Amino acid sequence: MADSGFPLPPDSFCPLCTDGLRDPVTIPCGDTYCLECIKIYWDQFDHMGVYSCPQCRATFTPRPVLRRNVPDVQHQQLSELTPFPYLHRESYCDFCVGRRNKAVKSCLMCLAYYCEIHVRPHYESSTFKRHKLVDETGHLDRKICPHHEKGLELFCRSDQMCICVLCTVREHRNHNISSSEEERVEKQKVLVVTQSNVQHIISERMKELQELKHNVDVLKNAAQRAQTESDKTFHEMLQAVERWKSEINQMIMSNMQAMMTQAEGYVERLEQEIMELQRRDAELRQILETEDNIHFLQTFPSLCVPPEAMVPKVLINPQFSFGEISRTAIEIKENLDDICKKELSKISKTVSETTVYILLPRNGDKRLKVPSGVDFQEPKSRTDFLRYACKLSFDPNTVYKELVLSDGNQRVTRKKTIQFYSDHPERFDGFSQVLCKEALSGFKFYWEAEWSGEFSIGVAYKSISRKGKNSHSLLGYNDKSWSLLCSDSGYSAWHNKSDQDLPDAPRATRIGVYLDCAGNTLAFYSISNTMELIHRFRAQFSEPLYAGFGVGSSVTLCQLKKSTMSST
């Protein structure tokens with residue numbers, strides 16, 4: 001098939017019987033035939049003692065010894081991969097003398113194949129103006145009525161088969177008959193819908209594949225960062241706790257390796273399904289473009305069946321996280337040996353028992369179920385959000401020259417006097433801004449801040465510019481940051497120089513921020529007696545994020561107690 005990606009080998013059909021090769025043999029000139037066909041053909045020349053090739057007319061004396069060809073494993077595999085071999089096969093011109101050329105057209109009136117040379121009279125002579133030429137697709141014998149030796153021109157809807165004019169007299173008398181053209185129009189509508197469904201599934205699978213690969217990269221980066229942070233933390237501990245460092249590194253690496261092994265399998269299966277769907281789409285396109293109505297109708301039943309899903313949908317479990325390991329490592333350093341035993345035992349169980357990938361059923365398959373306790377919905381109440389509370393602190397290396405940190409780097413205040421901070425490549429020198437030290441990546445995080453004076457709150461990649469008074473370094477004004485600008489007059493949401501005024505958003509001096517890295521969500525909430533949504537960004541985060549603030553007067557990071565409910 002020309003567009004399927006699996007071209008049929010030229011020797012797949014015997015020129016003598018015009019059918020698939022049975023026990024193929026190749027004679028000295030290089031042409032291939034069925035063993036039985038060439039034997040019968042040569043038997044009639046035994047009295048002459050000279051044997052010739054039916055195609056190229058090469059002669060042989062004495063009669064060549066025929067031996068079956070060694071099976072072509074590649075062609076055999078090819079036939080197994082091609083579920084619709086009848087859509088096309090090579091045929092040869094019925095009017096060539098000597099070596100026959102490949103046919104390019106077949107005539108439904110003449111019931112013959114024509115090459116480019118011998119088909120010309122059909123175009124040039126008025127004698128053939130009533131003849132019906134179609135693209136050469138092989139199987140011309142299937143266009144002839146086996147009972148009356150007439151061309152198949154009609155379609156019996158009662159029996160769902162192609163028939164000739166004489167069939168309407170006896171075998172299909174009083175049946176619901178239509179022309180092949182009319183029936184094609186009706187059935188083509190069905191195939192067009194099927195093709196549209198296939199193309200839609202391809203599009204969805206491509207999106208799933210892209211999202212899965214992105215999330216796998218996020219997991220891999222999170223694992224690598226967790227290992228790096230754990231190494232740094234354990235380096236500061238006494239030699240007595242070195243054995244715990246080894247255990248935690250082994251835990252990270254084993255889970256990452258298991259995760260990557262699973263991911264490679266899911267990615268490969270999705271890619272295979274996409275390839276299968278693309279091949280199916282090519283087959284549908286070929287049959288929809290053919291001019292041969294009979295061929296179209298005969299192949300319709302096998303092509304109109306909607307494709308079945310081969311691979312369940314793969315989602316990253318939001319409860320799987322490497323970040324907990326890094327937080328646990330800090331607690332181990334502070335509480336030494338007794339805490340090590342307790343916390344490592346707890347986190348080991350959490351990481352090893354929490355699934356990374358969740359397989360969602362397709363087409364009503366109930367065998368795959370989402371594990372209990374897994375919730376893909378955004379938290380509803382403040383208690384739910386507190387499950388993802390994270391401890392943040394301002395990074396002194398990023399603070400602007402007019403800002404002063406206090407309360408253990410939990411509060412930042414803007415002063416009129418310039419502070420003499422040392423030069424640092426990560427320090428903002430154009431705007432009154434500061435970032436937090438903690439990298440946020442992997443899954444879900446929540447924090448709150450209280451503010452006075454105009455201020456902005458949001459997140460940024462570490463690669464955001466720190467130097468100069470321009471949009472590249474201003475929070476929310478570039479493609480490396482997202483922010484909510486807050487003032488007494490109202491709110492506005494900013495990303496990449498694009499803003500959205502939020503005149504009806506609820507006002508509050510405390511703002512809550514919810515970040516779902518895997519869910520591609522960044523949301524801001526007003527916190528007072530109630531918790532109400534201000535704005536939600538949808539974005540695919542490609543790097544670790546850092547909480548960022550633009551300070552007009554003062555900003556304080558709120559100390560949140562993490563909910564006792566199970567968290568990611």
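This text goes with the structure placed above it.
Since the structure is predicted, the reported quantities are computational estimates derived from the model, not experimental observations. Each chain carries its own residue numbering, running from 1 in the written order of its sequence. It should be noted that, the model being predicted, local features are given only for residues of pLDDT at least 70 and side-chain atom pairs only at 80 or more, the latter also being counted only at that level, while totals for whole chains, interfaces and linings use all residues. Here the side-chain values reflect all heavy atoms present in the structure, with hydrogen atoms and water set aside.

Visitor: Would you mind showing me how to read the sheet that holds strand S10 (residues 177-179) here?
Guide: Hydrogen bonds between backbone groups are what pair the strands of a sheet, and the pairing can be parallel or antiparallel. Strands pair, by our definition, only if DSSP identifies at least two bridges between them. Runs of E in the DSSP output that reach at least two residues are strands. Runs of H or I that reach at least four are helices, and both are numbered from the N terminus. Strand order in this open sheet of 3 strands is S9-S8-S10, and the pairing throughout is antiparallel. Bordering the open sheet on either side are strand S9 (161-163) and S10, each of which pairs with just one other strand. With direction set aside, neighbouring strand axes in the sheet form an average angle of 40°. Two elements, strand S8 (residues 154-156) and S9, share 3 bridges in a ladder whose sense is antiparallel. The convention used is that axes are lines fitted to C-alpha atoms, helices contributing only their stretch in contact, and that angles between N-to-C directions extend from 0 to 180 degrees.

Visitor: Looking at this model, I keep getting lost on helix H6 (residues 293-303). Mind explaining?
Guide: Since there are 3.6 residues in each turn of an α-helix, residues three or four apart along the chain are aligned in direction. Most of H6 sits inside the fold, with 8 of its 11 residues counted as buried. Buried residues of H6: Asn293, Ile294, His295, Phe296, Leu297, Thr299, Phe300 and Leu303, and no others. In this structure, the buried residues of H6 make contact with S8, S9, helix H4 (180-235) and helix H5 (242-289). N-capping of H6 is provided by aspartate 292, with a side-chain oxygen placed 3.2 Å from the backbone N of isoleucine 294. The rule is simple: take the accessible area with a 1.4 Å probe, protein chains only, and divide by the maximum for that residue type; under 20% is buried, over 50% is exposed, in between is partly exposed. Any two residues whose heavy atoms approach within 4.5 Å are treated as being in contact. Polar contacts here mean pairs of N or O atoms no more than 3.5 Å apart (in protein, one a potential hydrogen donor and the other a potential acceptor; neighbouring residues in sequence count only if both atoms are side-chain atoms).

Visitor: Help me out: how do you make sense of the sheet that holds strand S7 (residues 133-135) in this one?
Guide: Read across the open sheet, the 3 strands follow the order S6-S5-S7; overall the sheet is antiparallel. Lying at the two open borders of the sheet, with one neighbouring strand each, are strand S6 (112-114) and S7. Within the sheet, the average angular offset between the axes of one strand and its neighbour, ignoring direction, is 35°. Where strand S5 (residues 105-107) meets S6, 3 bridges bridge the pair, whose relative direction is antiparallel. Bridge pairing in S6 places cysteine 107 opposite alanine 112.

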